[in-house]
Structures are given as structure tokens and as C-alpha cells.
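Tertiary structure, described
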Amino acid sequence: MSLAYNQAIDAWRQDEVPVGAVIELGGEVIGVAHNGVEGAKDPTAHAEILAITQAAAKLGNWRLEGATLFVTKEPCPMCSGATLMSRLKRVCYAVPDPKMGCLGGAANLNDLPRVNHRVELAAGGILEAECREMLQAFFRLKRQEEPG
């Protein structure tokens, strides 16, 4: 999670929402990314999606069976779907997201009755306070920057 946290710091430095993601398989990092939505002008350039794409390219296979995603904030609906579609074994996220999180926060895609793959979840705990503070500080500053 510390690598994901460092990616979130890099995101902030690029004026992106500070979310970082790392994918590990067998003790090796196979994907690492941070949010890139603003820079890429691409609404799908979330840290999780970018890390999943890197990991699949590294493995030469879209099935990331056995791999674990570490991410600083609970994945949104799009990213939660991607975790299932890529066949990740496990997702560990630092900060739950009760508004848009879809692996336990606002909803849980794992609970869909007919889904053909489920991920193991480890929610909260690992660097949760640090990741939460970073997200809150980022948005506090953004609100201060807004005109009138």
C-alpha cells in the first residue's frame, strides 16, 4: 500500500485526484499507476484501470488471476467492474467510499447474484488515515481555489 500511497502523492503533484494503485503477483509489482484523468482528458484514466492495463500487458494476458490490487481509495463502479473482469484475486483498499465505491461502500459488485467472478476484499486499515487525510486535504484546497 505504501507504493500506492506514493503514487497518490505523484497524482496530487500533477493536479490529479490523489489515488494510486499497485498490482502485485507472486511478490512482483506488475502494474503501478495514479489517476491521470485531467492530464489525459480521459474519464477512464483512473489509477486502477491504468494499473490493470499495465499488468495485463506485462503478463500478455487479460486474466490477472492470482494478482492483488492495492489502491488508496475504494474503486468506483467502473474500476470495480474492471477488477472483476480482469479476474483479480484480491483487492485491498485503504479508504472506503460510501458515495461511489462499488466494492462495499455505496454498493458491492461482488454481491451481484449472477456474477461469474468475485474478488477477495480487504477494506480499510492499511494506511487508511494517511490516504483519507490526503484526499480530504486535496479537496479542501480545491474548494478554496474555486472562484466566488
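About the thresholds
- Each chain carries its own residue numbering, running from 1 in the direction its sequence is written.
- Totals for whole chains, interfaces and linings use all residues, but because this is a predicted model, local features are given only for residues with pLDDT of at least 70 and pairs of side-chain atoms are given and counted only at 80 or more.
- Hydrogens are left out, water is left out, and the side-chain values use all remaining heavy atoms of the structure.
- Take the buried Ala, Val, Leu, Ile, Met, Phe, Trp, Tyr and Cys residues and link them wherever side-chain atoms come within 4.5 Å; each set so joined is a nonpolar core.
- Only protein chains enter the calculation, and the probe is 1.4 Å; a residue is then buried if its accessible area is under 20% of its type maximum, exposed if over 50%, and partly exposed in between.
- A run of DSSP states H or I qualifies as a helix once it reaches four residues; a run of E qualifies as a strand once it reaches two. Both are numbered from the N-terminal end.
- Residues are treated as being in contact if the distance between any of their heavy atoms lies within 4.5 Å.
- Only one rule defines a salt bridge in this text: a Lys or Arg side-chain nitrogen within 4 Å of an Asp or Glu carboxyl oxygen.
- At least two DSSP bridges between two strands are needed for those strands to be called paired.
- A fitted line through C-alpha atoms serves as each axis, taken over the contacting stretch for helices, and the angle formed by two N-to-C directions is quoted from 0 to 180°.
- Only rings of Phe, Tyr and Trp enter the pairing, Trp through its six-membered ring, and a pair is recorded when the two centres are within 6.5 Å. The plane angle decides the type: under 30 degrees is stacked, over 60 is edge-to-face, the rest tilted.

Once that is clear, we can look at the nonpolar core. Membership of the largest hydrophobic core comes to 34 residues, with the highest contact counts inside it found for Ile23, Leu64, Leu69 and Leu88. Residue assignment for this core shows that the elements contributing at least two residues are strand 1 (20-25), strand 2 (28-34), helix 3 (47-59), strand 3 (68-73), helix 4 (77-85), strand 4 (90-95) and helix 5 (128-145). Sorting elements by how many residues they give to this core places helix 3 first, with six residues. Once you skip the residues sitting within four places of it in the chain, Leu88 turns out to touch Ile23, Ile52, Leu64, Ala67, Thr68, Leu69, Thr83, His117, Arg118 and Val119.

Between side chains of opposite charge, pairing is possible as soon as their charged atoms come close. One pass over the full model with this rule turns up seven salt bridges. Of the charged contacts, one joins Lys142 and Glu145 as a salt bridge, the two residues approaching to 3.6 Å between their closest N and O atoms. Here Glu145 and Lys142 lie together in helix 5, a separation of three residues that amounts to about one turn. On the basis of relative accessible area, Lys142 is assigned to the partly exposed category, the value being 22%.

In space, the five strands of this open sheet follow the order 2-1-3-4-5, with mixed pairing throughout. This sheet does not close on itself; its edge strands, each paired only once, are strand 2 and strand 5 (120-123). Averaged over neighbouring strand pairs, the angle between their axes works out to 15 degrees when direction is ignored. Looking at chain direction, strand 1 and strand 3 are connected through four bridges and run antiparallel. Paired with Glu24 across the bridge in strand 3 is Thr68.

In this structure, Asp15 takes a positive phi of about 60 degrees despite not being glycine. Structurally, Asp15 is set in the loop between helix 1 (2-13) and strand 1. Its relative accessible area of 43% is what places Asp15 among the partly exposed residues. Of note, the phi angle at Arg87 is positive, near 65 degrees, even though the residue is not glycine.

A complete count under the given rule lists two aromatic pairs for this structure. Centroid distance Phe138 to Phe139: 5.2 Å. Interplanar angle 85 degrees. Geometry classified as edge-to-face. Residue class for Phe138 comes out buried when judged on its relative accessible area of 4%. Residue class for Phe139 comes out partly exposed when judged on its relative accessible area of 36%. Three or more aromatic residues joined by ring pairs form one cluster here, namely Trp12, Phe138 and Phe139.

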